[in-house]
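Coordinate analysis (summary)
Here is what each chain is made of, one letter per residue.
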Amino acid sequence: MRCAAGLLHKLPVEVVFAYVAMSVVAIALYPFDKAAAERGRRRTPENTWHMVALLGG
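Heads up: these notes are all about the structure in this document.

Overview of the overall build of the protein chain
The helix and strand tally for the protein chain stands at 3 helices and 0 strands. Secondary structure elements of the protein chain occur, N-terminal to C-terminal, as α-α-α. For the protein chain, the accessible area works out to roughly 5000 Å², and carbon and sulfur atoms hold 67% of it.

Below is the structure:
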């Protein structure tokens, strides 16, 4: 934990913000995907999940 806190002080603010933003996007996508699966609707494409993960989510 101490190491992670040290890294945050060395990273540009934009990088930290982008990581947090993509994490929020990923967390927000999960309930929509789950609800679509339960209702038999079109789910979030796997490529979208891969892109979100690649961007830091």
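Overview of the packing of helix α2 (residues 13-39) against helix α3 (residues 46-54)
Two quantities define a packed helix pair, namely the angle between the helix axes and the distance between the axes. Where α2 meets α3, the closest approach of the two axes is 9 Å, and the angle between their N-to-C directions is 155°. As the angle between them shows, α2 and α3 are arranged roughly antiparallel. Note on packing geometry: the crossing formed by α2 with α3 is left-handed. Only T48, W49 and V52 of α3 make contact with α2, whose side of the interface consists of M22, V25, A26, L29, Y30 and D33. Residues that form the contact of α2 with α3 fall into these classes: 7 nonpolar, 1 polar and 1 charged.

Remarks on α2
In a regular helix each residue adds 1.5 Å, so 27 residues correspond to 39 Å; α2 covers 40 Å between its end C-alpha atoms and thus fits that length. Every buried residue belonging to α2 is among M22, S23, A26, D33 and A36, and all of these are buried. Elements in contact with the buried residues of α2: α3. Directly after α2, the chain includes G40, whose backbone phi takes a positive value near 75°.

Remarks on the side chain of D33
Within the element layout of this structure, D33 appears in helix α2. Sequence-distant contacts of D33, defined by excluding residues within four places in its chain, comprise R43, T44 and W49.

Some details on the pattern of salt bridges
On inspection of all chains with the given rule, the structure shows 2 salt bridges. Linking D33 and R43 is a salt bridge whose minimum nitrogen-to-oxygen distance equals 2.8 Å. Pair noted here: D33 is in helix α2 and R43 is in the loop between α2 and α3, with a separation of 10 residues, a long-range link. What makes R43 partly exposed here is its relative accessible area of 47%. Residues E38 and K34 are paired through a salt bridge, measuring 4.0 Å at the closest nitrogen-oxygen approach. Of the two residues, E38 and K34 both sit in helix α2, 4 residues apart, roughly one turn of that helix.

Reading the values: rules and limits
Residues numbered from 1 in each chain as written. Predicted model: local features only at pLDDT ≥ 70, side-chain atom pairs only at ≥ 80, totals over all residues. Heavy atoms only, no water. Helix = DSSP H or I, 4+ residues; strand = E, 2+ residues; numbered from the N terminus. Areas by Shrake-Rupley, 256 points an atom, 1.4 Å probe, with all protein chains shown as cover. Axes fitted to C-alpha atoms, helices over the stretch in contact; angles between N-to-C directions. Parallel < 35°, antiparallel > 145°, perpendicular 65-115°, else oblique. Left-handed = near helix turned anticlockwise from the far one by under 90°. Contact = heavy atoms within 4.5 Å. Nonpolar A, V, L, I, M, F, W, Y, C, P; charged D, E, K, R; others polar. Expected span 1.5 Å × (residues − 1). Buried < 20%, exposed > 50% of the residue type's maximum accessible area, 1.4 Å probe, protein only. Salt bridge = Lys/Arg side-chain N within 4 Å of Asp/Glu carboxyl O.

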